[in-house]
Amino acid sequence: MSQQQDVVVEFSVEAAEAEGPLTLGQDNMIRCLRHDEPSHMNKQATWTVPAGADLPTCARALQILAERHAALRTVFPGPADRQPERQRVRSAGEFIVHVIALGDDEDPAERAERFCWDGRRQAFDLAEDFPLRCALLTRHGVPVLLAVVICHAQLDGVATGLLYQEWLTLAAGGTLPAPTAPTPVEVAEQERSSSGQRRTRAALRHWEHILADQPSAVFADDRIGSNDTLLPTLGVRSPAGAAALARAAQRTGASNSAVLLACYAALAAHRAARTTVVMAALSANRHRPGLAEHIGTLAQDALLAVDTDCPDLDTLIGRTQAQALSGYWHATFDAERIWQLIEDVAHRRGARFARHVVVNDLSATVPDAVAATRPDPPADPDLAWYPAEPTPTRLMLNIWRTTGCLEFTLHTHPDVLDRDETELFAHALLRLLDLAGRRTVRLGPDGELAALTGLPVGRRDKGRWQQLGTNWIDLDAVTDLLRAALDARNVEVDVQEGELTATADTGGTVLTPGQAHAAVMAALPGHDTAMAPHRYVLNGGSGSGRD
């Protein structure tokens, strides 16, 4: 049984307290923190302790990190129930390091995992809390592991990886040169410059084009029901996969990320029985000058529309790389305006963007030297299931490592892939990488994916399916939606000249088309196989509610 004591670490800097507007990354992440479960948004890491480091050295290393980086001294003043507008950088403060003495037979990794899971479930007080919750695990008084829970408002994955490398140097007794990257306050100033404003306007145009013209929901078939966000996680490790990925990247001249993304898109499109896959890909936003070493949160979603209607995988890899570059370039945006854009487009289309497919490439956040110390998996590939976590999507790929050993996790909604099918998807991804490293792979109706993967393909046999624009819609699902949203008894839905028309009897309740449309749009989230009608025929009048 482990025992715990708390050590208070104080920090102070000579610079005066600073204040400024939020960065776009901070603003976006805080909105997500206020919307989603803490366990989903808070992140965790386990940092190794260099040999010979004692408790005072470890505490001093964390103190130096806090004094080096303004992001670790940043808070966001204001009421907890409102979106903050300012960031404040403290010149002095303190935080707690929990020192946990391990029992003789206690596994440090398991104890660190318990600490991190408990810490992730508790929201950070953005106006007060230090953004790291630290537990130093010791054995017989000697530090062996540092468990860290990270607040995403101040630090993204790349920043956390940079801090880890600095921690290794400092805890080993080394020194570091002064930071040269801009602080979060300085980044906010750059983003409000004329060039920064042009970049955010271009991002809005990029997002609007995809939201308005591409599929609102990737998965729309007989299996798709309500959206449960508690998804199981499959972890996959494969040294052979890493070798295959390297061969494929060399053969095609594309990046590791583009090859993986293309294979992922091809398999997602195969399962969805459609050619275009709209996906959110987390962008580190480190391509701008001077930001590679920035300690802060810059990461935001890139939106990609990948057309998999290609003769072969090589063509898709090239197309995906181009789409990814465009998406990442347009991933610095004003979150409030993007969210309003999503609402406006949804109102006009009658279909709300469903974030069905997500990819998060975190491989750059783990130093190669650290990744290389991980033991080889007991089998190749090694598959392991982990507990379900809140994940608001239908299919998500997290890429953790690409060199030496390919490591990724899959979060899958059972309506898209059950557990057996998820394992099939993982094996199919590895098989596709292996083939891509050796030759071209045929795609299309007469392609190789069906025989290669054994994956299910979306079927639209049970309902009254119609394709309206780029969206597949089940008219029975639309009928059910209107009955619930309008409290209507008799509802008839059909498609006339490419427009979805609904006739509904709302009894004694008189609704105009505009009122009906607002009610249907409010009820639409989670109903991914339905959409709001183009035209309403109601007790209170007829017409479109989208005007």
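Residue positions are given per chain, counting from 1 as you read along its sequence in written order. The predicted nature of this model means local features are confined to residues of pLDDT at least 70 and side-chain atom pairs, given and counted, to a pLDDT of 80 or more, with totals for whole chains, interfaces and linings taken over all residues. Only hydrogens and water are set aside; all other atoms, that is, all heavy atoms of the structure, feed into the side-chain values.

1. Some details on the overall build of the protein chain
Right, on to step 1. The helix and strand tally for the protein chain stands at 16 helices and 21 strands.
Right, on to step 2. Relative to the globule expectation of 24 Å for 547 residues, the C-alpha radius of gyration of the protein chain, 25 Å, shows essentially globular dimensions.
Right, on to step 3. The C-alpha extent of the protein chain, read off along each of the three principal axes, is 75 × 55 × 50 Å.
Right, on to step 4. Expressed as a percentage of its 547 residues, the buried residues of the protein chain come to 54%.
Right, on to step 5. The contacts of the protein chain with a sequence gap of at least 6 include a subset with a gap of at least 24, amounting to 77%.
Right, on to step 6. Put simply, the protein chain shows about 23400 Å² of open surface, and 49% of that area lies on carbon and sulfur atoms. Secondary structure follows DSSP: runs of H or I at least 4 residues long count as helices, runs of E at least 2 residues long count as strands, and numbering of each begins at the N terminus. This radius of gyration counts C-alpha atoms alone. The globule rule is 2.2 Å times how many residues there are, raised to the power 0.38. Relative accessible area decides the class of each residue, using a 1.4 Å probe on protein chains only: under 20% of the type maximum gives buried, over 50% gives exposed, and in between gives partly exposed. Contacts: residue pairs with any heavy atoms within 4.5 Å of one another. In these tables, accessible area is a Shrake-Rupley quantity obtained with a 1.4 Å probe, and a residue counts as shielded only by the protein chains included in the view.

2. Quick word on the environment of His-330
Right, on to step 1. Mapped onto the elements of the fold, His-330 is located in the loop between helix H10 (313–329) and helix H11 (335–349).
Right, on to step 2. The exposure class assigned to His-330 is buried, which follows from its relative accessible area of 16%.
Right, on to step 3. Sequence separation of His-330 and Gln-300 is 30 residues, and the distance between their C-alpha atoms is 9.7 Å.
Right, on to step 4. Beyond its immediate stretch of four places on either side in the chain, His-330 contacts Ala-202, Ala-203, His-206 and Trp-207.
Right, on to step 5. Any pair of nitrogen or oxygen atoms within 3.5 Å is treated as a polar contact; in protein, a donor-acceptor pairing is required on top of that, and neighbouring residues in sequence qualify only through side-chain atoms on both sides. Of the polar contacts made by the side chain of His-330, one reaches the backbone oxygen of Ser-326; its length is 2.8 Å.

3. Quick notes on the sheet that holds strand E2 (residues 18–21)
Right, on to step 1. Only when DSSP finds a minimum of two bridges between them are two strands counted as paired. Taken together, three strands build an open sheet; the order of strands is E2-E5-E4 and the sheet is antiparallel. Single-partner strands in this sheet number two, and they are E2 and strand E4 (74–75).
Right, on to step 2. The pairing of E2 with strand E5 (residues 86–89) spans four bridges and is classified as antiparallel. Residue pairing across strands places Glu-19 opposite Arg-88, the latter belonging to E5.
Right, on to step 3. Sheet strands in contact with helix H6 (residues 184–191) are E2 and E5, and its direction is about 145° off that of E5. Lines are fitted to the C-alpha atoms to define the axes, a helix being fitted only along its stretch in contact, and any angle between axes, read from their N-to-C directions, falls within 0 to 180 degrees.

4. Focus on the packing of helix H8 (residues 239–252) against helix H13 (residues 419–436)
In helix packing, the relevant descriptors are the interaxial angle and the interaxial distance, both defined with respect to the helix axes.
Right, on to step 1. Following both chains from N to C, one finds H8 and H13 inclined at 45°, their axes separated by 7 Å at the closest point. Classified by the angle their axes make, H8 and H13 are oblique. Seen along the crossing, H8 lies across H13 with a hand that is left-handed. Across the interface between the two elements, Gly-241, Ala-244, Leu-245, Arg-247, Ala-248 and Arg-251 from H8 touch Leu-430, Leu-433, Asp-434 and Ala-436 from H13. Any angle that falls under 35 degrees is termed roughly parallel, while one over 145 is termed roughly antiparallel, one within 65 to 115 roughly perpendicular, and all others oblique. Less than a right angle of anticlockwise turn of the near helix away from the far helix marks a crossing as left-handed, whereas a clockwise turn marks it as right-handed.

5. Considering the nonpolar core
Right, on to step 1. Each nonpolar core is a collection of buried residues, namely Ala, Val, Leu, Ile, Met, Phe, Trp, Tyr and Cys, held together in the definition by side-chain atoms within 4.5 Å. By size, the foremost hydrophobic cluster in this structure holds 60 residues, and its most contacted members are Val-259, Tyr-264, Met-279 and Phe-408.
Right, on to step 2. Per-element tally for this core: the top contributor is helix H9 (residues 256–272), with 13 residues.
Right, on to step 3. The contact partners of Tyr-264, leaving out residues within four places of it in the chain, are Met-279, Val-357, Val-358, Val-359, Leu-395, Met-396, Leu-397, Phe-425 and Leu-429.
Right, on to step 4. Counting 34 residues, the second largest nonpolar core, distinct from the first, contains Val-9, Ala-53, Cys-134 and Leu-162.

6. Description of the pattern of salt bridges
Right, on to step 1. In what follows, salt bridge is the name for a side-chain nitrogen of Lys or Arg lying within 4 Å of a carboxyl oxygen of Asp or Glu. Tallying each qualifying case throughout the model produces 33 salt bridges.
Right, on to step 2. Here Glu-407 makes a salt bridge to Arg-237, at a shortest N to O gap of 3.5 Å. Of this pair, Glu-407 sits in strand E15 (residues 406–412) while Arg-237 sits in strand E9 (residues 230–238), and the two are 170 residues apart along the sequence.
Right, on to step 3. A residue is classified by how much of its surface remains accessible, and Glu-407, at 7% relative accessible area, is buried.
Right, on to step 4. Linking Arg-439 and Glu-448 is a salt bridge whose minimum nitrogen-to-oxygen distance equals 2.9 Å.

7. Side note on H13
Right, on to step 1. Each residue after the first adds 1.5 Å to the expected span of a helix. For H13, with 18 residues, the first-to-last C-alpha span of 26 Å sits near the 26 Å given by 1.5 Å per residue.
Right, on to step 2. Every buried residue of H13 is accounted for by Glu-421, Thr-422, Phe-425, Ala-426, Ala-428, Leu-429, Leu-430, Leu-432, Leu-433, Leu-435 and Ala-436.
Right, on to step 3. Regarding H13, its N-cap is Asp-418, as a side-chain oxygen of that residue lies 3.2 Å from the backbone nitrogen of Asp-420 further along.

8. Observations regarding a positive patch on the surface
Right, on to step 1. Here a patch means residues that are over 30% exposed by relative accessible area and free of salt bridges, tied together within 9 Å if like-charged and within 5 Å if nonpolar (Val, Leu, Ile, Met, Phe, Trp, Tyr). For the purpose of counting charges, residues Lys and Arg are taken to be positive, whereas Asp and Glu are taken to be negative. His and the chain ends are not included. Positions of charges follow a simple convention, taking NZ of Lys, CZ of Arg, CG of Asp or CD of Glu. On the surface, Arg-198, Arg-201, Arg-205 and Arg-337 cluster together to form a positively charged patch.
Right, on to step 2. Ranked by residue count, the leading element in the positive patch is helix H7 (residues 194–213), at three residues.
Right, on to step 3. For Arg-337, the location among the structural elements is in helix H11.
Right, on to step 4. Owing to a relative accessible area of 41%, Arg-337 belongs among the partly exposed residues under this scheme.

9. Things to note about the packing of H8 against H9
Right, on to step 1. H9 packs onto H8 with a crossing angle of 105° between their chain directions and a minimal axis gap of 9 Å. In this view, H8 runs roughly perpendicular relative to H9, as classed from their interaxial angle. Contacts between H8 and H9 pair Leu-245, Ala-246, Ala-248, Ala-249 and Thr-252 from the former with Asn-256, Val-259 and Leu-260 from the latter.
Right, on to step 2. Considering only residue class, the contact of H8 with H9 consists of six nonpolar, two polar and no charged. Residues were grouped as follows: Ala, Val, Leu, Ile, Met, Phe, Trp, Tyr, Cys and Pro as nonpolar; Asp, Glu, Lys and Arg as charged; and all remaining residues, including Gly, as polar.

10. Considering the side chain of Thr-393
Right, on to step 1. Within the secondary structure layout, Thr-393 lies in the loop between strand E13 (382–390) and strand E14 (395–401).
Right, on to step 2. Relative accessible area serves as the criterion here: at 2%, Thr-393 is assigned to the buried category.
Right, on to step 3. Polar side-chain contacts of Thr-393 include one of 2.9 Å to the backbone oxygen of His-356.
Right, on to step 4. Residues contacting Thr-393, with those up to four places away along its chain left out, are Asn-227, Leu-231, Arg-355, His-356, Val-357, Val-358 and His-413.

11. Some points on the environment of Leu-168
Right, on to step 1. For Leu-168, the location among the structural elements is in helix H5 (residues 157–171).
Right, on to step 2. On the basis of relative accessible area, Leu-168 is assigned to the partly exposed category, the value being 24%.
Right, on to step 3. It is 26 Å that separates the C-alpha atoms of Leu-168 and Val-75, two residues lying 93 residues apart in sequence.
Right, on to step 4. The contact partners of Leu-168, leaving out residues within four places of it in the chain, are Thr-48, Pro-50 and Val-370.

12. Examining the pairing of strand E8 (residues 142–150)
Right, on to step 1. For E8, a buried count of seven out of nine residues is recorded, marking the element as mostly surrounded by other parts of the structure.
Right, on to step 2. Judged from the eight bridges that link them, strand E7 (residues 132–139) and E8 form a sheet pairing that is antiparallel. In the sheet register, Leu-137 faces E8, and the bridge partner there is Leu-145.
Right, on to step 3. In sequence, E7 turns back onto E8 through a hairpin of two residues, with His-140 there showing a positive phi of about 55°.

13. Notes on the sheet that holds strand E6 (residues 92–101)
The strands making up a sheet associate through hydrogen bonds between their backbones, and the pairing can be parallel or antiparallel.
Right, on to step 1. Strand order in the open sheet formed by five strands is E1-E6-E7-E8-E3, with mixed pairing between adjacent strands. Looking at the sheet topology across the chains shown, the edges are occupied by strand E1 (3–12) and strand E3 (43–48). Each strand axis lies, on average, 25° off the axis of its neighbour in the sheet, ignoring direction.
Right, on to step 2. As defined by bridge partners, E1 adjoins E6 across ten bridges and the pair is classed as antiparallel. Its bridge partner being in E6, Val-8 is matched across the sheet by Ile-96.
Right, on to step 3. This element, helix H3 (residues 55–68), spans E1, E3, E6, E7 and E8 of the sheet and lies at about 40° to E1.
Right, on to step 4. With respect to the sheet, H5 is in contact with E3 and E8, its orientation differing from that of E3 by roughly 20°.

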